[in-house]
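# Residue-level structure breakdown
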Amino acid sequence: MSKPMPDKPTVDGLEQVWGPVWEQDGTYRFDRDSATKDAVYSIDTPPPTASGSLHIGHVFSYTHTDLKARYERMRGKHVFYPMGWDDNGLPTERRVQNYYGVRCDPQLPYDPAFVPPFEGGDNKSSKAADQLPISRRNFIELCERLTVQDEQQFEHLFRTLGLSVDWTQSYRTIDDTSRASAQRAFLRNLERGEAYQADAPTLWDVTFRTAVAQAELEDKEMPGAYHGLAFHRTDGGEDVVIQTTRPELLPACVALVAHPDDERFQDLFGTTVRSPLFDVEVPVLAHHLAQQDKGAGIAMVCTFGDTTDVVWWRELQLPNRAIIGFDGRVRSEQPDWIESERGQELYAEMAGKTVFSAKKVVVDALTESGELVGDVKTINHPVKFFEKGDKPLEIVSTRQWYIVNGARDEQLKETLRERGEEIAFHPDFMRVRYDNWVGGLSGDWLISRQRFFGVPIPVWYPLDADGNPVFDQPIVPTEAQLPVDPAAEPAPGYSEDQRGVPGGFQGELDVMDTWATSSLTPQLAGKWETDTELYELVFPYDVRPQAQDIIRTWLFTTALRSQLEADVAPWKHASISGFIVDPDRKKMSKSKGNVVTPLSILEQHGADAVRYWAASSKLGTDAAFDPQNPKQIKVGRRLAIKVLNAAKFVYGFELPSGATTVTEALDVDMLAELGSVIGQATTAFDGFDHARALEVTERFFWTFCDDYLELVKERAYGTASDATHETQASAVLALRAAIDALLRLLAPFLPFATEEVWAWTHDTSVHRAQWPSVAELPTQAEPTGLLAAVGQALIGIRGAKTAAKASQKTPVTRAVVAAPAEQRALIERAAVDLAAVGRIENLSFTDGEELAVTEIELAEQQA
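The residue count restarts for each chain, going from 1 along the sequence in the order it is written. Per-residue local features are limited, in this predicted model, to residues with pLDDT of at least 70; the limit for side-chain atom pairs, both in listing and counting, is 80 or more; totals at the level of whole chains, interfaces and linings are taken over all residues. Each side-chain value is derived from all of the structure's non-hydrogen atoms; neither hydrogens nor water enter the calculation.

### A short note on the overall build of the protein chain
This is how it is decided: Where helices and strands are cited, they refer to DSSP runs of H or I of at least four residues and of E of at least two residues respectively, numbered from the N terminus. Burial classes: relative accessible area under 20% of the type maximum marks a residue as buried, over 50% as exposed, and values in between as partly exposed (1.4 Å probe, protein chains only). Whether two residues touch is decided by their heavy atoms; if any such pair falls within 4.5 Å, the residues are in contact. Note on areas: these come from Shrake-Rupley sampling with a 1.4 Å probe, and a residue is covered only by the protein chains present in the view. In this count, Lys and Arg are taken as positive residues and Asp and Glu as negative ones, while His and the chain termini are left out. To locate a charge, the coordinates of NZ of Lys, CZ of Arg, CG of Asp or CD of Glu are taken.
A count of helical and extended segments in the protein chain gives 24 helices and 29 strands. By its C-alpha atoms, the protein chain is 115 × 65 × 50 Å across when sized along the principal axes. In the protein chain, which comprises 863 residues, the proportion classed as buried is 55%. Relative to all contacts within the protein chain whose residues are 6 or more apart in sequence, the contacts with residues 24 or more apart total 78%. Accessible surface computed for the protein chain: about 36100 Å², of which carbon and sulfur atoms make up 48%. Within the protein chain, the 128 negative side-chain charges are centred at a point lying 4 Å from the centre of the 86 positive side-chain charges.

As structure tokens, this is what we get:
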């Protein structure tokens with residue numbers, strides 16, 4: 001592995017030099033044969049979503065993980081550092097639709113010769129009308145093809161970045177092994193009663209025609225308007241006016257609700273009113289969730305306008321009168337609860353319309369009937385959206401699959417809280433996001449999705465004599481039969497010709513939510529149930545690194561699945577990276593169009609420079625990135641170049657024969673300072689503070705280069721006037737010991753530059769070398785401050801020459817340095833080196849209030 005020292009070292013092209021060497025030598029390969037449980041450091045690496053391109057935020061957070069992996073490897077750990085690809089799910093489907101100009105129609109037959117209309121659509125076919133319908137199987141094949149292409153690009157970028165991943169330990173969340181694992185976990189959840197199916201109100205995205213889980217929601221501020229609607233008391237009393245932002249749901253009204261303590265409505269509780277326009281009788285009820293200071297203080301309960309309606313419907317045992325269909329339009333069937341002729345006519349006018357158009361129909365009718373009370377008041381209010389959608393969610397009644405998550409089980413919720421306490425969060429303040437999520441759960445985890453490219457839910461349903469599915473008697477496969485696709489394979493004990501016929505079966509068409517697979521990444525990477533030896537070595541894992549915005553989804557659901565299956569926390573630590581923001585401090589995201597793709601940045605500046613930028617930020621803190629002026633990246637490149645040049649300079653000194661001892665005070669103090677840096681960097685890395693480790697190492701490195709190298713180079717060359725074999729040997733020994741330790745301290749941050757330098761004098765990789773320790777240094781003295789004091793004096797001498805407009809090479813006949821007594825005593829111990837670097841013939845010292853060069857006489861002119 002060793003290579004000759006180049007005449008002019010450069011950081012350019014090091015990625016292409018060392019990447020293949022690391023792969024060939026297996027530098028980062030997990031050596032399971034010699035690993036023991038105590039010696040393993042296992043990482044539950046985030047599998048990026050294979051749906052397009054990685055952005056600079058991925059470089060940022062994955063570098064943080066790699067820094068820790070490299071450190072632990074140098075500490076002697078067997079690092080299990082796999083990489084997965086999150087293939088399945090909605091983002092992949094949407095990308096395939098746009099890229100190939102197709103959409104899935106499960107009713108169409110498979111075409112083995114199908115060729116997509118085009119490739120590389122890049123969103124130009126985002127409208128369904130522009131997309132060619134194809135069979136489910138054809139669509140899935142295109143998903144498989146494109147994700148493989150994306151993953152190859154991702155791997156190339158991660159290799160260029162220098163991630164020390166063991167690429168032999170990789171997986172895809174849609175491959176056979178992962179599908180079998182996800183289905184196995186589901187079947188065990190089902191067997192233990194943790195998975196169940198239910199007809200229930202479901203948050204529904206009308207664009208993607210799929211159910212949405214609580215963790216996938218986001219609120220967006222949207223314009224709205226309060227409308228006053230007059231309900232008529234059945235006892236002939238004064239009308240009851242409610243305020244609503246959704247008058248189009250008036251046909252779905254099932255009750256009016258007010259707070260039980262609200263004096264205004266005490267006489268109404270227990271009575272009934274009739275709805276305007278539709279003349280449907282509904283009760284007036286009391287519930288503590290009604291807000292006295294919102295609107296009119298009394299609310300219209302509809303099935304379903306929002307999640308509070310769902311709570312009222314469930315707790316007050318109200319009827320379900322849903323009118324919104326899966327397409328987001330008013331259902332065409334005439335509701336049997338609307339009996340008035342006028343109401344039926346009005347509903348027929350609404351049928352098939354979007355909620356926006358239906359709202360206009362209702363408001364116009366209310367205005368005409370005089371049942372719209374007061375002025376319409378415009379507002380802005382939060383509306384729930386699917387995080388990947390662009391239309392407000394509706395709530396529809398559907399049959400879906402759920403996994404218990406503690407929302408309705410206090411014992412499980414408390415256990416999950418305890419698991420959160422067992423996990424060390426870095427930084428610790430991120431723990432509150434987990435705690436708040438667990439405490440705020442409002443329903444079990446909805447895992448079924450009405451999509452195509454995902455892990456199929458492994459159940460079939462028997463059909464009765466009339467051909468109706470018997471949902472409460474699902475047919476399940478054995479674990480040995482996994483993976484299965486109920487939409488394409490017959491149920492156990494049946495033949496394919498019995499599909500869909502009375503007495504036969506029907507397959508479940510839904511697939512699992514992508515998080516239902518991603519929540520099993522510890523199991524997928526560790527080959528749960530397929531390689532028991534490996535799994536027992538790595539599980540529970542040491543660390544889960546991830547972004548802060550998916551604590552509620554990925555981190556929580558992984559903890560949940562681990563609890564349900566193994567009754568343990570899945571990792572000891574959770575390291576949480578911050579976001580990348582643009583120069584305006586806005587989070588970078590594809591939806592906002594401010595994402596920077598990283599490959600060009602890596603090619604322009606080099607991987608070490610980009611890694612330095614990422615490493616400079618602590619976990620949990622956001623970092624700004626300006627691609628037009630990447631200052632921090634330029635600083636990192638300068639550091640990498642300096643490492644090459646400083647090392648070449650140090651290795652240029654021949655070690656004198658018999659040199660074994662560091663004797664000179666300046667050398668001893670430099671190594672003592674280095675020992676302190678080693679201790680600080682080690683403590684920082686142990687505490688997941690890579691930024692601190694970089695900070696202390698970099699600060700010392702520049703002091704070493706700017707001050708120490710300058711101060712001792714004459715002695716190291718043996719050209720100082722009073723240099724001896726012993727003093728020269730002391731300098732060269734100290735220089736070599738320091739650069740050897742500094743290369744290892746910087747190796748996690750600058751893997752390419754440090755590997756290049758290490759190879760000039762070693763036959764093995766710096767990344768397999770032992771992390772530096774104080775014990776290995778030629779001396780273990782305590783720092784005295786000598787190096788800093790002499791460095792300050794050197795700055796003073798250089799400044800005096802500059803003030804005299806003289807070259808730094810100008811000899812000095814006489815110089816006087818004043819300093820406080822304690823500092824003076826330190827500097828005098830290195831007077832020989834200071835005189836040599838300053839070219840001072842006669843150097844003397846005197847007492848002073850602060851360190852300064854009080855007199856200097858140049859050889860050619862006086863100052």
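On we go.
### Side note on unusual backbone geometry
Here the bond from Leu482 into Pro483 is cis, since omega is 0°, no more than 30 degrees from zero. Here Pro483 lies in the loop between strand 20 (460–462) and strand 21 (505–507). Residues other than glycine seldom take positive phi values, yet Asp279 does so here, at roughly 55°. As for its position among the elements, Asp279 is in the loop between strand 12 (272–274) and strand 13 (281–286). Here Asp279 falls in the partly exposed class, since its relative accessible area comes to 37%. Located in the positive-phi region is Arg839, a residue other than glycine, with phi close to 55°.

### Some thoughts on the pairing of strand 16 (residues 394–403)
To keep it simple, the criterion reads: A pair of strands is treated as paired once DSSP finds two or more bridges between them.
The buried fraction of strand 16 amounts to eight of the ten residues, a majority that puts the element mostly inside the structure. Relative to strand 16, strand 7 (residues 195–205) runs antiparallel, the two sharing ten bridges. Following the sheet pairing, Trp204 is matched in strand 16 by Glu394. Across two bridges, strand 16 lies against strand 18 (residues 445–446) in antiparallel orientation. Following the sheet pairing, Tyr402 is matched in strand 18 by Leu446.

### Quick notes on the sheet that holds strand 29 (residues 852–858)
Cut-off, in case you're wondering: Whenever a helix is involved, its axis is fitted only over the stretch in contact; in every case the axis is a line through C-alpha atoms, and angles between N-to-C directions fall within 0 to 180 degrees.
Strand order in this open sheet of three strands is 28-27-29, and the pairing throughout is mixed. Every interior strand has two partners, whereas the edge strands, strand 28 (840–847) and strand 29, have only one. If you compare each strand with its neighbour and ignore which way they point, the axes differ by 15° on average. Relative to strand 28, strand 27 (residues 812–819) runs parallel, the two being bridged by seven bridges. By the bridge assignment for strand 28, Val817 is matched with Phe845. Taken strand by strand, helix 23 (residues 821–828) contacts strand 27 and strand 28, and its axis lies near 155° from that of strand 28.

### Considerations on the nonpolar core
Selection rule: Take the buried Ala, Val, Leu, Ile, Met, Phe, Trp, Tyr and Cys residues and link them wherever side-chain atoms come within 4.5 Å; each set so joined is a nonpolar core.
Judged by nonpolar contacts, the single largest core of 134 residues is most densely connected at Trp613, Leu674 and Phe704. Tallying contributions element by element places helix 20 (residues 725–746) first for this core, with 14 residues. Other than its neighbours up to four places away in sequence, Trp613 contacts Ile56, Val59, Phe60, Ile580, Ala624, Phe625, Gln632 and Ile633.

### Some words on the packing of aromatic side chains
Short version of the rule: A pair of Phe, Tyr and Trp rings is counted when the ring centres sit within 6.5 Å of each other, with Trp represented by its six-membered ring. The angle between the planes then sorts it: under 30 degrees is stacked, over 60 is edge-to-face, the rest tilted. The criterion for a charge sitting over a ring is simple: Lys NZ or Arg CZ within 6 Å of the ring centre, and within 35 degrees of the ring normal.
What the rule picks out here adds up to 32 aromatic pairs. Look at Trp613 and Phe625: their rings are 5.1 Å apart centre to centre, the planes differ by 55°, and that puts the pair in the tilted class. Here Trp613, found in helix 16 (residues 607–615), pairs with Phe625, found in the loop between strand 26 (623–624) and helix 17 (631–651); they are twelve residues apart in sequence, far enough to count as distant. Both residues of the pair, Trp613 and Phe625, count as buried. Positioned over the ring face of Trp528 is Arg184, at 5.0 Å from the centre of the ring. If you follow Arg638 out to its NZ or CZ, it ends over the ring of Trp702, 4.3 Å from the centre.

### Description of helix 20
Going by this rule: Between the first and last residue of a helix there are one fewer steps than residues, each counted as 1.5 Å, and that sum is the expected span.
Taking 1.5 Å as the rise per residue, helix 20 with 22 residues should run 32 Å; its terminal C-alpha atoms sit 31 Å apart, in good agreement. Counting buried residues in helix 20 gives 19 out of 22 residues, a clear majority hidden from the surface.

### Some points on the side chain of Thr553
This is how it is decided: Definition of a polar contact: a pair of N or O atoms within 3.5 Å, with one able to donate and the other able to accept a hydrogen when the atoms are protein atoms, and with sequence-neighbouring residues admitted only if both atoms are side-chain atoms.
Among the structural elements, Thr553 can be located in helix 14 (residues 551–566). Engagement of the side chain of Thr553 in a polar contact is seen with the backbone oxygen of Ile550, the distance being 3.3 Å.

### Concerning the state of the cysteines
The criterion, for reference: Disulfide assignment relies on a single distance test, namely cysteine sulfur atoms paired within 2.5 Å.
Across all of its chains, the model carries zero disulfides by this definition. With no disulfide of its own, Cys253 lies closest to Cys302 among cysteine sulfurs, the gap being 5.0 Å. Owing to a relative accessible area of 2%, Cys253 belongs among the buried residues under this scheme.

### Quick notes on the environment of Val668
Here Val668 lies in helix 18 (residues 665–686). Spatially, the C-alpha atoms of Val668 and Gln780 are 8.2 Å apart, while their sequence positions differ by 112 residues.

### A short note on helix 7 (residues 341–350)
Going by this rule: By definition, the arc is the one covered by directions from the helix axis to the C-beta atoms.
Taken residue by residue, helix 7 has Gly343, Leu346, Tyr347 and Met350 as its buried positions. Seen end-on, helix 7 carries its buried residues on one side only, within an arc spanning 100°. Phi for Gly352, located one or two positions after helix 7, is positive at around 85°.

### Section: the pattern of salt bridges
Short version of the rule: Any Lys or Arg side-chain nitrogen located within 4 Å of an Asp or Glu carboxyl oxygen qualifies as a salt bridge.
Applying the stated criterion to the full structure yields 57 salt bridges. Residues Glu72 and Lys68 are paired through a salt bridge, measuring 3.0 Å at the closest nitrogen-oxygen approach. You can see Glu72 and its partner Lys68 sitting in helix 2 (residues 56–74), four residues apart, about one turn around the helix. Side by side, Glu72 and Lys68 carry an identical accessibility label, which is buried. With a closest N to O distance of 3.1 Å, Glu710 and Lys713 form a salt bridge. Linking Glu710 with Lys713, this pair stays in helix 19 (residues 690–717), spanning three residues, or about one helical turn. Residue classification places Glu710 among the partly exposed residues on the basis of a relative accessible area of 24%.

### Describing the sheet that holds strand 7
Taken in spatial order, the four strands make up an open sheet running 8-7-16-18, and their pairing is antiparallel. The sheet is open, and its two borders are formed by strand 8 (210–211) and strand 18, each paired with just one other strand.

### Notes on the environment of Lys377
By the secondary structure assignment, Lys377 is in strand 15 (residues 372–386). Judged by relative accessible area, which is 54%, Lys377 ranks as exposed. Through-space distance from the C-alpha of Lys377 to that of Asp667 is 78 Å; in sequence the pair is 290 residues apart. Apart from the residues within four sequence positions on either side, Lys377 is in contact with Gly224, Ala225 and Tyr226.

### What to know about the packing of helix 10 (residues 431–439) against helix 14
Let me state the cut-off plainly: Note on angle classes: values under 35 degrees are labelled roughly parallel, values over 145 roughly antiparallel, values of 65 to 115 roughly perpendicular, and the remainder oblique.
At a minimum axis separation of 10 Å, helix 10 and helix 14 run at an interaxial angle of 75°. The angle between helix 10 and helix 14 places the two elements in the roughly perpendicular class. For the pair helix 10 and helix 14, the contacting residues are Arg433, Tyr434, Trp437 and Val438 in the first and Ile551, Arg552, Leu555, Phe556 and Ala559 in the second.

Bear in mind that shape data such as this cannot, by itself, settle questions of function.
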